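Residue strings, one per chain:
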Amino acid sequence: MDINEERPRVLIVDDQKNWREALCDMLESDQYEIETAASYDEAKRKLRERAFHVLVSDQRLVDADDDNIQGIILLDELSELKDGAQAIIVTGYPTIEAVKKALRGRDAYDYLLKRPEEGGPFKLREYRDLVKGAAQKAVEARKKSITLGFSLPAIARGLTYEGIAKVLFSAEVTPNVVEGVRNVLNRLFFPFQPLARGMSRVWLSEEEGQICEFLCWSRNQGKAVLIRMGQEHKSLEIKWRRFTEKAQYVVKESGRHGANGIAGVSYVVDRMTFEDFAEQVEED
Amino acid sequence: MVKRYVPRILLVDSEPNWSQEMEAALEEHGRYEVERVADMDTAFDFSYGDGFDLILINAALAFGDSVSKFEKLVHQYSDRVLVISDVRSITTAIKVFKMGADYADKPFEPRRVVELVTSRLQPEHGT
């Protein structure tokens, strides 16, 4: 594994404490960075805070409700993030419908029974293998998305290129404009690909004046990339002078995408600690 | 007069009585053209050329000795393959859905299978 790459992050969700702990303990803790959540809301919040590689979720997150399948609904959150994360549903109450919803409807990586149909104990080895396979798939997907097209904005808030285009151009979003946004964003991030791989926090603000701003912080390198995008005539000047002086990379797509030119500028912000990063995010 | 399109169904089951009854029910009530075979190898040979609108296959045959042929068949037909299991099995359902095919269990009565097939082939009119 590349030294710059982090351990795959796994989020384990179960409303039952004993299962939550067991699902953690059964994984080799030195291979994964594991976090847990005890409810749908807590899981949803954690998924938005950080990019995970694998979500392991119990199907029924409210034990008193027999029909509860919040663990599967959680997969909608995951797919909105479009960051290649894989989900494994674990349950003691399987139904054919739920299996279909998870595997076909929501493209879960797998569906695992707490009590195997043929009897016997929980399949520990299968569980470990599944998490390992899911993590590998997520790592590959993420590499691919960073190489082929930039996925960090999506990680930020489940925003799509179209969503960003809407912020920049409000009503006038055509496929051409979306394509332009994609081009500009990918080109802006291209020089920072090695940095982008280790990025663990992304923050996005939708300002007045139709400017999108992304701040991506890399824990591995203690650096951040700041990107501002907007319509060409808007001022994209950096706000945070105390971190950096000059723009590193400027991209414009004038008039090629309908009436509006799209412009973007990116900066590498050196020596940024997470405290600095958090402070900036707080201030806005 | 425009000739009505008759969907073609491949029925794969080794139990001759049930299979004959199914064929009759599908052709009569559902107005489908049914091809009936009793094993996976023959089913695979029949499946070339994408000639069927739906393949109904018994789970015991699908996951029997010729499982690799079944996998190829699903690769070609994906969710137009409907695996029918005599017994409810979550494990089988998981396998089937992961492959991209569809699963239903215990539709013992031909009438129920006809309903199932009708809803699959005409989703806009189905239940």
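What you see is a predicted model, and the numbers here were worked out from it, not measured in a lab. (Residues numbered from 1 in each chain as written. Chains lettered and ligands numbered in written order. Predicted model: local features only at pLDDT ≥ 70, side-chain atom pairs only at ≥ 80, totals over all residues.)

**Here's the deal with the overall build of chain B**
Piece 1. Looking only at helices and strands, chain B features six helices and five strands.
Piece 2. Starting at the N terminus and walking to the C terminus, you meet the elements of chain B as β-α-β-α-β-α-α-β-α-β-α.
Piece 3. Sorting the 127 residues of chain B into buried and exposed places 35% on the buried side.
Piece 4. Sequence separation of at least 24 residues holds for 62% of the intrachain contacts in chain B that already meet a minimum separation of 6. (Helix = DSSP H or I, 4+ residues; strand = E, 2+ residues; numbered from the N terminus. Buried ≥ 20, exposed ≤ 12 C-beta atoms within 10 Å, placed from the backbone. Contact = placed C-beta atoms within 7 Å.)

**Topic: the overall build of chain A**
Piece 1. Across its full length, chain A carries ten helices and ten strands.
Piece 2. Across the 284 residues in chain A, those meeting the buried criterion constitute 40%.
Piece 3. Restricting to contacts in chain A with at least 6 residues of sequence separation, those with at least 24 account for 64%.

**With respect to the interface of chain B and chain A**
Piece 1. Taken together, the contacts link nine residues of chain B with ten residues of chain A.
Piece 2. Listing elements by their share of the side of chain B that touches chain A, those giving two or more residues are helix H5 (90-99) and strand E5 (102-105) of chain B.
Piece 3. Among the residues making up the side of chain B that touches chain A, the classes are represented as five nonpolar, two polar and two charged. (Nonpolar A, V, L, I, M, F, W, Y, C, P; charged D, E, K, R; others polar.)

**With respect to unusual backbone geometry**
Piece 1. With phi around 60°, Asp-107 of chain A is a residue other than glycine that occupies positive phi space.
Piece 2. Mapped onto the elements, Asp-107 of chain A comes out in the loop between helix H4 (96-105) and strand E5 (110-113).
Piece 3. Given 12 C-beta atoms within a 10 Å radius, Asp-107 of chain A is considered exposed.
Piece 4. Although it is not a glycine, Ser-78 of chain B adopts a positive phi angle of roughly 35°.
Piece 5. Within the fold, Ser-78 of chain B resides in the loop between helix H4 (67-77) and strand E4 (81-85).

**Some points on the sheet that holds strand E4 (residues 86-91) of chain A**
The strands that make up a sheet pair up through hydrogen bonds in the backbone, lying either parallel or antiparallel.
All names here are of chain A.
Piece 1. Within the open sheet, the five strands sit side by side as E2-E1-E3-E4-E5. Their pairing is parallel. The two strands at the open ends of the sheet, each matched to only one other strand, are strand E2 (33-37) and E5. Shown here is a sheet whose adjacent strand axes are inclined to one another by a mean of 20°, direction ignored.
Piece 2. Sheet analysis places E4 next to E5, joined by four bridges and oriented parallel. Within E5, the residue paired with Ile-89 across the bridge is Tyr-111. (Pairing = 2+ DSSP bridges. Axes fitted to C-alpha atoms, helices over the stretch in contact; angles between N-to-C directions.)

**Considering the nonpolar core**
All names here are of chain A.
Piece 1. Counting 76 residues, the largest nonpolar core has Val-54 and Ile-88 as the members making the most contacts within it.
Piece 2. At seven residues, helix H5 (residues 124-148) tops the list of elements feeding residues into this core.
Piece 3. Beyond its immediate stretch of four places on either side in the chain, Ile-88 contacts Val-54, Val-56, Ala-108, Tyr-109, Asp-110, Leu-112, Leu-130, Val-131 and Ala-134. (Core = buried A, V, L, I, M, F, W, Y, C linked by C-beta atoms within 7 Å.)

**Looking at the packing of helix H1 (residues 16-28) of chain B against helix H6 (residues 110-121) of chain B**
Residues and elements named next belong to chain B.
Piece 1. Where H1 contacts H6, the two axes come as close as 9 Å, and the packing angle between them is 50°. By the angle between their directions, the pair H1 and H6 is classed as oblique. The handedness of the crossing between H1 and H6 comes out as right-handed. Seen from H1, the contacting residues are Glu-21, Met-22, Ala-25 and Leu-26; seen from H6, they are Pro-110, Arg-111, Val-113, Val-114 and Val-117.
Piece 2. Grouping the amino acids of the contact of H1 with H6 by side-chain chemistry returns seven nonpolar, no polar and two charged. (Parallel < 35°, antiparallel > 145°, perpendicular 65-115°, else oblique. Left-handed = near helix turned anticlockwise from the far one by under 90°.)

**What to know about the confidence of the model for chain A**
Piece 1. For chain A, the average pLDDT comes to 77, and 66% of its residues sit at 70 or higher.
Piece 2. Within the model, pLDDT remains below 50 along residues 146-157 of chain A, and this stretch shows 36 contacts once partners closer than five positions in the same chain are excluded. (pLDDT = per-residue confidence, 0-100.)

**Details of the sheet that holds E4 of chain B**
Residues and elements named next belong to chain B.
Piece 1. The strand order across the open sheet built from five strands is E2-E1-E3-E4-E5, with neighbouring strands paired in parallel fashion. Only two strands of the sheet have a single partner each, and these edge strands are strand E2 (33-37) and E5. The average angle at which neighbouring strand axes cross in this sheet is 20°, direction not considered.
Piece 2. Running at roughly 155° to E5, H5 makes contact with E4 and E5 of the sheet.
Piece 3. Here H6 sits on the sheet in contact with strand E1 (8-12), strand E3 (54-58), E4 and E5, set at roughly 145° to E3.

**Let's talk about the pairing of strand E3 (residues 54-58) of chain A**
All names here are of chain A.
Piece 1. For E3, the buried fraction is high: five of the five residues fall into the buried class.
Piece 2. Pairing geometry for strand E1 (residues 9-13) and E3, over four bridges, is parallel. By the bridge assignment for E3, Ile-12 is matched with Val-56.
Piece 3. Taken together, the five bridges between E3 and E4 define a ladder with parallel strand orientation. Paired with Leu-55 across the two strands is Ala-87, which belongs to E4.

**Some thoughts on the packing of H4 of chain A against H5 of chain B**
Piece 1. The contact between H4 of chain A and H5 of chain B brings their axes to 9 Å, and the two run at 25°. Judged by the inter-axis angle, H4 of chain A sits roughly parallel to H5 of chain B. Along this stretch, H4 of chain A crosses H5 of chain B, giving a crossing that reads as right-handed. Two secondary-structure elements touch here, H4 of chain A through Ile-96, Val-99, Lys-100, Leu-103 and Arg-104 of chain A and H5 of chain B through Ile-90, Ala-93, Ile-94, Phe-97 and Lys-98 of chain B.
Piece 2. Class assignment for the residues of the contact of H4 of chain A with H5 of chain B results in seven nonpolar, no polar and three charged.

**A word on the environment of Ile-84 of chain B**
Piece 1. The topology assignment puts Ile-84 of chain B in strand E4.
Piece 2. Sequence-wise, Ile-84 of chain B and Ala-104 of chain B are 20 residues apart; in three dimensions their C-alpha atoms are separated by 5.1 Å.

**A closer look at the confidence of the model for chain B**
Residues and elements named next belong to chain B.
Piece 1. Averaged over all residues, the pLDDT of chain B is 85; the fraction at 70 or higher stands at 91%.
Piece 2. Averaged over each element, pLDDT in chain B is lowest for H6 (80) and highest for H5 (95).
Piece 3. Our summary of model confidence lists the complex with pTM equal to 0.65 and ipTM equal to 0.82.

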